[in-house]
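# A structural walkthrough
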Amino acid sequence: MKQDITGAVSVADLDTYRDVPVNNILETVKGTIPGLNIGGITSAGAVGAISIRGQNSISASSNAPLIVLDGAIYSGSLTDISPFDIQSFTVLKDASAAAIYGSRSANGVILIETKGGTGIGGKPKFNVEFDYGISNQLKPLATYGPEGFVKRLLDVRRALNEEADPNKIAIYLQPEEQKNYEATPDHKPTTPRNPVDLLVQPAYNRKASISVSNKTSNTSYYISTTLTDQHGVVLGDNFKHLSTRVNIASDLTDWFNISLKNSYNLQDFSGAAAPIYWGSQFSPWASVYNEDGSYKEFPQTTTSFISPFWGMATDNKDIRNDLNSIVSATVKIPWVQGLSYQVNFGNTLRWNNTQNWYDKNSTTTGEGYNGYGSGTSDRNYDMLLDNMIHYNHTFLDKHRVNLTLLYSREHNTLERTTISGQDFENQSLGYYGLRNGQIQKVTTSASEVNSLGQMARLTYSYSSRYTMTGTIRRDGYSEFSKNKKWGTFPSIGVNWNITGENFMKEISQIDHLALRVSYGTRGNQSISPYSTLARVSTGN
């Protein structure tokens, strides 16, 4: 109950913003929860950086909060979770509220619950939504234009004590610029007034979602699919996303409940985004294209300016997959009122594939290496097993006790392979011909991380006015140093629900007033695998 909370907890008001088209849940809650900081994004499919109450470490590998999805720790991206599927979004800010997650909670905790089954009079409920929106640059990069370009050229020459005659502009230009400048009597520019426009594209966001759900006396289900197609303002910045979810819950008996929550996500970030800032360096009289329609490497003759199109990969693929499954079972002990046992078993498998190819005839990288290609494949597996005992009972109508005991185990493995090839006599197969490169390189890596945790939390509330919560958690983590594998994290919090006092009953202007005080310690697991071990290296 809200009046019994002793820590700093905020729940997002999702219903108010349900009809606002967004790509991820962070766009929905941004600016609505005190203490939750969400950064901006600059590319399609991106997620803003998250922090709770600021940065908590200057050396940790991450300051991002812990994500708990449907009761299980989740290490994937928030773009994987369709905003249409989210039922609630809760932020735990202080040590008392987040203490149950021990060394994982140093940066705060975000709790996300997905939707369950609902029906209409026992019949399935269907929901279909389509969204379409357009985007624009908030502040387009400004350029000189032809007149400003000429003025700057003359100003620079004067500053260098060189001739600066407005009637001799042509001889001050590079050969390619000079040719185009003199091609027409009015010196018509060959590039747009703002050449940055060459590197932008129409930006839009299309999203379609369909779901069906139902709930009977014993069973409920929720099934959904969401498709997203997003184009950013920068040329080549594209993102596609397929998200599917199946949530099923069933009361097999009046004392045994089981639920299964599965999701699969396919994200496609393929496409090489243009280096838009290079566009401002185009001359008004540059030659962007060759006669055959390909991009010219040096649009203005001078080798000091390379076409931004030559900075883009010839071919790029970036495919990311995420398969998540959470199985939960709850057993209510029939002969002890309020006592139950719950087990959560979560599995997440992520596999990603990235490919890049740089042709030697159309890219700077490919030209430098006589053709260059690279690829990375990785496979990441997360396993979580939580065993919990809950006891919740009210004595004599005023004394309420809530006890939670936890034993948790986590396991993570990562395998990664990176390949590259360069110096090609024949480029016809592109990336798929890396074996033909005269220089080849293969790099492999792997890591394994394990952790154990035990936790006890006791909450006592008297008459829903005075509440005290004490928590202690002990964590063991394989990445901690040899003599510091275990850490203990206690916390305590008290809450005085002032509105429950008799002297507040006549004050109708205040519907809820409480005084909360909490203290606790938290750990931090945000260190890279094996970083606490001494390393041996060799060199020439």
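Everything here concerns the structure above.
Cut-offs used in this document
- Residues numbered from 1 in each chain as written.
- Predicted model: local features only at pLDDT ≥ 70, side-chain atom pairs only at ≥ 80, totals over all residues.
- Heavy atoms only, no water.
- Helix = DSSP H or I, 4+ residues; strand = E, 2+ residues; numbered from the N terminus.
- Buried < 20%, exposed > 50% of the residue type's maximum accessible area, 1.4 Å probe, protein only.
- Contact = heavy atoms within 4.5 Å.
- Areas by Shrake-Rupley, 256 points an atom, 1.4 Å probe, with all protein chains shown as cover.
- Lys, Arg positive; Asp, Glu negative; His and termini not counted.
- Charge placed at Lys NZ, Arg CZ, Asp CG, Glu CD.
- Core = buried A, V, L, I, M, F, W, Y, C linked by side-chain atoms within 4.5 Å.
- Phe/Tyr/Trp six-rings, centres within 6.5 Å; stacked < 30°, edge-to-face > 60°.
- Lys NZ or Arg CZ within 6 Å of the ring centre and 35° of its normal.
- Pairing = 2+ DSSP bridges.
- Expected span 1.5 Å × (residues − 1).
- Patch = residues over 30% accessible without salt bridge, like charges linked within 9 Å, V, L, I, M, F, W, Y side chains within 5 Å.
- Salt bridge = Lys/Arg side-chain N within 4 Å of Asp/Glu carboxyl O.
- Axes fitted to C-alpha atoms, helices over the stretch in contact; angles between N-to-C directions.

### As for the overall build of the protein chain
In terms of helices and strands, the protein chain carries 6 helices and 21 strands. Looking at the protein chain as a whole, 43% of its 540 residues qualify as buried. Within the protein chain, contacts between residues at least 6 apart in sequence are counted, and of these 67% link residues at least 24 apart. Summed over all atoms, the accessible surface of the protein chain reaches about 28800 Å², with 55% contributed by carbon and sulfur. Computed over 48 positive and 49 negative side-chain charges, the inter-centroid distance for the protein chain is 8 Å.

### Points about the nonpolar core
With 20 residues, the main nonpolar core has Val 29, Leu 36, Phe 89, Ile 110 and Ile 112 as its most contacted residues. Taken together, the elements giving at least two residues each to this core come down to helix 1 (25-29), strand 2 (36-38), strand 3 (50-52), strand 4 (66-69), strand 6 (86-92) and strand 7 (109-114). Residues within four places of Leu 36 in sequence aside, it is in contact with Val 29, Ile 50, Ser 51, Ile 52, Phe 89, Val 91 and Ile 110. In terms of nonpolar packing, the next biggest core, distinct from the first, is built from 14 residues, Ala 274, Ala 286, Ala 313 and Tyr 372 among them.

### Thoughts on the packing of aromatic side chains
Aromatic rings in a pair are described by how distant their centres are and how their planes are angled relative to each other. Applying the stated criterion to the full structure yields 15 aromatic pairs. A ring pair is formed by Tyr 462 and Tyr 466, whose centres lie 6.3 Å apart and whose planes are at 10°; its orientation type is stacked. The exposure class of Tyr 466 is partly exposed, given its relative accessible area of 36%. Here the aromatic cluster, defined as three or more aromatic residues joined through ring pairs, consists of Phe 149, Tyr 181 and Trp 285. When the ring centre of Tyr 172 is taken as reference, the NZ or CZ atom of Arg 157 above it lies at 3.9 Å. Sitting above the plane of the Phe 269 ring, Arg 320 keeps its charged end 4.0 Å from the centroid.

### Some remarks on the pairing of strand 18 (residues 439-462)
Inspection of the sheet shows strand 17 (residues 399-422) paired to strand 18 by 24 bridges, in the antiparallel sense. Paired with Gly 421 across the two strands is Gln 440, which belongs to strand 18. For strand 18 and strand 19 (residues 466-477), the ladder comprises 12 bridges, and the chain directions are antiparallel. Paired with Thr 459 across the bridge in strand 19 is Thr 469. Here strand 18 folds back onto strand 19 in antiparallel fashion, the turn holding 3 residues, of which Ser 463 has a positive phi close to 55°.

### So, unusual backbone geometry
Although it is not a glycine, Asn 370 sits at a positive phi angle of roughly 60°. Note on placement: Asn 370 falls in the loop between helix 6 (364-369) and strand 16 (372-395). Phi angles above zero are rare outside glycine, and Ser 463 is one such case at about 55°. Locating Ser 463 in the fold gives a position in the loop between strand 18 and strand 19. According to the relative accessible area criterion, Ser 463 is partly exposed, its value standing at 27%.

### Description of helix 3 (residues 145-159)
Over its 15 residues, helix 3 runs 21 Å from end to end, which matches the ideal 21 Å to within 8%, given 1.5 Å per residue. If you check which residues of helix 3 are buried, you get Gly 145, Pro 146, Gly 148, Phe 149, Val 150, Leu 153, Leu 154 and Arg 157. The inward-facing, buried residues of helix 3 abut helix 4 (169-172) and helix 5 (175-181). Immediately beyond the C-terminal end of helix 3, within one or two residues, lies Asn 161, with a positive phi of roughly 60°.

### With respect to a nonpolar patch on the surface
Nonpolar side chains collect at one region of the surface, where Ile 223, Val 246, Ile 248, Leu 252, Ile 258, Leu 260, Val 327, Phe 345 and Leu 385 lie side by side and expose about 630 Å² of accessible area between them. Those elements that place two or more of their residues in the nonpolar patch are strand 12 (238-251) and strand 13 (256-268).

### A look at the sheet that holds strand 4
Read from one edge to the other, the open sheet built from 5 strands follows the order 1-6-7-4-5, with strand pairing classed as mixed. The sheet is open, and its two edges are formed by strand 1 (9-11) and strand 5 (72-74), each paired on a single side. Along the sheet, successive strands turn relative to each other by an average axial angle of 25°, direction set aside. The pairing of strand 4 with strand 5 spans 3 bridges and is classified as antiparallel. Looking at strand 5, one finds that Leu 69 is bridged to Ala 72.

### Overview of the environment of Ser 481
Mapped onto the fold, Ser 481 is located in the loop between strand 19 and strand 20 (486-497). Along the sequence, Ser 481 and Tyr 530 sit 49 residues apart, while their C-alpha atoms lie 8.9 Å from each other.

### With respect to the pairing of strand 9 (residues 123-135)
Where strand 8 (residues 119-120) meets strand 9, 2 bridges bridge the pair, whose relative direction is antiparallel. In the sheet register, Gly 119 faces strand 9, and the bridge partner there is Pro 124. In this antiparallel pair of consecutive strands, strand 8 and strand 9, the connection spans 2 residues, and Gly 121 shows a positive phi of 60°.

### Quick notes on the side chain of Asn 23
Tracing the backbone shows Asn 23 in the loop between strand 1 and helix 1. When sequence neighbours within four positions are dropped, the list of residues in contact with Asn 23 reads Pro 83, Asn 205, Lys 207, Thr 228 and Gln 230.

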